[in-house]
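# Coordinate inspection notes
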Amino acid sequence: MKFIKNSGLLICIAGFAFFVGSIFIGDHNVTPEKFNDWVNSKGIKSEIFIKNAEQEIVGKTFSSIQLSSTIIELAEKSTQEHQDNIQLWQNSGGQDEKINEEWSKVIWTSWSSTHKDFTYPLLQATINSPVKENQWLAFFLTFGLAIIGGLLYIIPDFILLGPAGIKNNKLFQHSATNRGWGGIVTAVFFVVFYFLLYFFPDLIINPILTTNKISLSLSGNPASQWFMYGLIYCSVMTVFAVKMYIKYRHNLYQIIRTTVVLFFQVAFAFLIPELLVRFNQPWYDFKNAWPLNYTFFFDWNINSLLNSGHLGMFMLVWGIVLTVIVVPVMVYFLGKRWYCSWVCGCGGLAETLGDPYRHLSNKSLKAWKFERYIIHLVLLFAVVMTGATLYSYFSGATSILGIDTYSIQSWYGFWIGSIFAGVIGTGFYPILGNRAWCRFGCPLAAYLGLVQRFKSRFRITTNGGQCISCGNCSTYCEMGIDVRSYAQKGQNIVRSSCVGCGVCSAVCPRGVLKLENAPEDGRIIDNPILVGKDEIKLQV
Amino acid sequence: MEHIVIIGNGVSGITTARHIRKNSDKRITVISGETDHFFSRTALMYVYMGHMKFEHTKPYEDWFWKKNRIDLVRGFVQKINPDNKTLELTGGDSIGYDKLVLAVGSKPNKFGWPGQDLDAVQGLYSYQDLESMEKYSPSTKRAVIVGGGLIGVEMAEMFLSRGIDVTFLVREDRFWGGVLPKQEGELISRHIKKHHVDLRFNTELQEILADENGRARAIITKEGEEIECQFVGLTAGVSPNIDFIKNGKIETNRGILVNEFLETNVPDIYALGDCAEFHQHPTGRRNLEQVWYTGRMMGETLAQTICDNKTPYRPGMWFNSAKFFDIEYQTYGWVYSELKSNENEFYWEHENGEICLHLVFDKTSNALLGINTFGIRMRHEVCEKWITTGKDMNHIMEHLKDANFDPEFYKQYENQIVNQYNQQNGTTLKAKKRDWKRIFVKN
C-alpha cells in the first residue's frame, strides 16, 4: 500500500513537471499573415508600432517570453511617441481631431489588466511546439498523470488510515500542512500560477493547449486560459473529493456535501456554460450570484444577455432573483452553508483541495475584528462599484462624481477579483488556511452572513454540559471561529461567518455540536446555563 | 481589597477565578507550577498526535489574564501556613492570602509496583507528562499500558499514531470493567483490538525491569510472562495530588475533605475539583469525582460563595462522555457495571457491533434511570428531562427520536430499537417523529 501511495506521488509530480515544463518548450514564428490577422483583429492603428513590429517581429522566431516582451517594448515605445505628439498638439493649442486621432493610436499595455488581451492572440496563433502537435498525448502526460497519480496517492489511505474515524494525525507535524517548507513551496507554486493565469496567459500557451481537445469537444472553441483553469479546478476538486470520501467515510453529512458541491462545480460552473457556448448562447454560471459574480451588471454582460433572446433574458432575471430572493430565503431556512459549502465554487475548492489546510486559520480575537471590518468594506466596495456601473449604463455617463467608472471596475477586478480572491485566497491556502477569501474578502459571504446572523433558523447547537474544552472544534474551524468559547459555556454558535462545513461537529470527541435548522426561538442564548446543574442559575 | 489566592490553574481553579472576577473586584492570584497559562489537559493527546499545537489547547488567549486582572504566578507551593495566612513557594518566596482555594488536581496512581519510578514509566496527566512521552517515544518500539480506563485508551491511541506497538494490560475480564456493563465492555474491547492493540484481560502488572541506564526495558505480569517494552504507561486511575497538604491543619482523607460549600475544616480555605473529597456528597454521588465538568461546576459554585452569595454545590444528574478510538460514548444518569436489585435493562446493539444503546430502568415503575450510548450522540437536555422527571420506558421509546443528536443525514436507528423493544416486551409502540417543540420547551 505504501508502495502504491509513493508511486502515486511520483506519477503525480511527473504530471505537474510535464505541465510546468511545457512552458519552456516550443517557439513562435510570426508569419506576415498571422501578424496582419492580429493587427486587424486588435484594431491596431499605430503606424509606428506596425512599422517597428514588421521589422523586429515578423519572420523571426522567438520564445514566448521574448516575443511577449518585445511586443510590449515596441508598444510602449510607440505609445510614448503618440503621447508626445498629443502633448505637442495640446501645447500648440488645439486641433481636437488630431489629438483624438493620436489617442486612438495609443496601445494600452498595463501588466495588470490590458497587456494579456493585447499579446495573447498573437502568441497563441504563432506557437510551434510538440504540445500543439500532440494535444491528446500532452493532455495525458499532464492532466492524466497528475490525476492518476493523485488518486493512487490518496486511495491507499482507505487501508493505511485504519478504521473509519477522525484521522488528523501529524497535520501539525508535517511541513506541508504546518507552514513548513512544504507549505511554503506549495504557496509559491500557487501564487506564481495565479499570476501567470490572471496577468500573463501569453506565457503559458502550451499548458493551455494541453486542454485544447477537451475544449473543442465541449464548446467547439479553442481552449483559453479560463477553460484550462476550469478544467484544472474540476480535476483538483474531483481528486480531493475522493480524499474527503475516504477521510469522512463514517460521516454522511460530509459525503453528501462533498458530492453536491462537486456536482455544482462540474455541472454549473464548467459543463453547462461550455455547452451554452456550443449552442451560441452566453457563457453563464447559473449558481454564481452577485456580488461574488461582480461582473454580472457590467455593460458587456448585460448587453450580451439582452442580445441572447429569451434565454438571455431569463439569465438576466434569474441572476437578479438569485441575489435578491433565492439567496436570503435559503439562508433563512438552511443557513449560509447552502451556498458557501454546498454550492459555491470557491467554497468547493476550499472544502476539497483546501481541507488539509483548514486548521491554519487564525482564531485570535484580533483576526475576528479585522475580518468584520474588511469583509464589510469589500461588500461596500462591490455595491459602490456596481452602483457606478449601473449609473453609467443607464445614464450613459462614463464617470460618476469625477471618477471614471471603468477605473472603479478595473480597480475592483484587479484588487478584489484577482489579487484577493485568487492570489491570496487560494495561493495562500498553505499559509492562511483554506478560507481566507471567504472569511475576509467575499462580498457575497458578507451579505449571506448578515442574513444568517440576524434572520435564520440555522445554528450550531451545543449539547448541554458535555464540552471538555479540548479545542478540536476551534482548531479545525476553517473560518477561524473560536467554537470552543461558545461550546464550553453551553452557548449555541450563531456567527455570520459560519459556512456550515460541519467539521467542528465531526471532530468533537464528545458529541457536543450539531448543525441544526430549528425554530428561531431560543436560537441565540445570551445567558447560557450549563445543563446538569441544579443550583441557582448562573449568568455567564 | 480581599486577596483570593488559587493554587492550580486547571479547569477548577480557573473557573473559580473567572467567576470571582465576573462577580467582584477582588484581587485574584493563580499559582501554578505546571504551565504559565490555563490549558485543556483533555487535549494533551491531540498535541502528541499532531491534531493540534499546544497553543490550541488554551481556551483563552494570553492577553486575557491581564485584561481580567487575574495575576498568574509560576511556582510550586511548598507549605500552607493557615495561622498567618501565607504560602511558602519553593525558592523562598512567600505569598499572603485572605482566602485560599486549593485546586491542585490529581496525579496518576502508583500501587507500589517494583520499578514504578524508573525512567519511561509514567502516567498522562500533566503537561510535563506529555513532554516526557515525547522524549521517550522516538526510542520506543513497544509500550505497555497498565490499567484499562479512559487515559489508558488515549495513551494507546497516541502511541499507535506514531507506529509504536501497544500491549494493554487490563485487570478485569473486559475493558473498563469497573464502570461499563459487560455488553459495552465487550463492544469497546473488540474495537480496541480492531486497532491492533495487544489487549490482555485478567492480566496484572507484577514488576517493571530496568536496563543499565535505569529505564524500563520490560515488564513481568503476575503470571510471570515477561514483555519487552521501552515505555510503561501507568493509567490505573488518579488520586488527589495533596502530599504537600497532608499532615497540616487541613483535614484530608484520599482528598481534601470539604462540605457542600466546598469549605475545608480551616476557615477561609476551600478545595474543589479533582483534589476535593466530600465528607458526604450533597446529592449522593461519589465523594470523589475526578471529571472535567464537575471541576467547572464546583468553580462556578465556589465563586458565588467567595463573592458573598453562599451557595451549596448541587450537581444535577450524573453524565459523562468519552471517545475510544473512533467510537464516542455518552452516559446520562446511572448505568452501573452490574444491575442493581431494583433495576431492569434494555440493550440494543447494531449488527456491526460498534453502535449500541443501553437503558436501565426501575423494575416496578419502569422509570428510566440511566442511558449508555456508543456510536449515537444523544441530546443532553432531553435525556436529563427524561431521567429527572422519571419518564417510563414507553414514553422513552415513543420519543426516542427527540434525543438523537447525530449530525444531519446520519442513519438513525430508533425504529430498529423500538422494534426490538416491542418484540421483547410484547408492546406495539411506535417512535414518534422528532418534534422541535418538545425538544426546546423547557420542562
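Residues numbered from 1 in each chain as written. Chains lettered and ligands numbered in written order. Predicted model: local features only at pLDDT ≥ 70, side-chain atom pairs only at ≥ 80, totals over all residues. Heavy atoms only, no water.

## Structural notes on the interface of chain A and chain B
Taken together, the contact between chain A and chain B spans 65 residues of the former and 64 residues of the latter. Buried surface at the junction of chain A and chain B, both sides included, amounts to about 5,200 Å², of which 50% is carbon and sulfur. In this structure, the connection of chain A to chain B is made through three salt bridges. Between Arg 379 of chain B and Glu 516 of chain A there is a salt bridge, with the nearest N and O atoms lying 2.3 Å from each other. In this assembly, chain A and chain B are joined by 33 residue pairs in polar contact (both at pLDDT 80 or more). Broken down by secondary-structure element, the contributors of at least two residues to the side of chain A that touches chain B are helix H14 (252–278), strand E6 (458–462), helix H24 (472–475), helix H26 (503–507) and strand E7 (513–517) of chain A. (Contact = heavy atoms within 4.5 Å. Buried area = accessible area lost by both parts, 1.4 Å probe. Salt bridge = Lys/Arg side-chain N within 4 Å of Asp/Glu carboxyl O. Polar contact = N/O pair within 3.5 Å; in protein donor to acceptor, adjacent residues only side chain to side chain. Helix = DSSP H or I, 4+ residues; strand = E, 2+ residues; numbered from the N terminus.)

## Some words on the side chain of Asn 52 of chain A
Turning to its location among the elements, Asn 52 of chain A is positioned in helix H3 (residues 47–56). Residues in contact with Asn 52 of chain A, not counting those within four places in the same chain, are Leu 74 and Lys 77 of chain A.

## So, unusual backbone geometry
With an omega of 10°, the peptide bond running from Trp 290 of chain A to Pro 291 of chain A counts as cis. Among the structural elements, Pro 291 of chain A can be located in the loop between H14 and helix H15 (299–306). Backbone geometry at Lys 85 of chain B places phi at a positive 50°, although glycine is not the residue there. The topology assignment puts Lys 85 of chain B in the loop between strand E4 (77–81) and strand E5 (86–89).

## Digging into the pairing of E6 of chain A
Residues and elements named next belong to chain A. With five of five residues buried, E6 is to be regarded as a mostly interior element. Side chains Phe 458, Ile 460 and Thr 462 project from E6 onto one buried face, and the interleaved Arg 459 and Thr 461 project onto a second face that is buried too. Relative to E7, E6 runs antiparallel, the two being bridged by five bridges. Paired with Thr 461 across the strands is Lys 514, a residue of E7. (Buried < 20%, exposed > 50% of the residue type's maximum accessible area, 1.4 Å probe, protein only. Pairing = 2+ DSSP bridges.)

## Remarks on the environment of Pro 315 of chain B
For Pro 315 of chain B, the position within the fold is in the loop between helix H7 (292–306) and strand E21 (319–324). For the pair Pro 315 of chain B and Thr 301 of chain B, spaced 14 residues apart in sequence, the C-alpha to C-alpha distance is 9.7 Å.

Take it as geometry only, folks, not as evidence of what the structure does.
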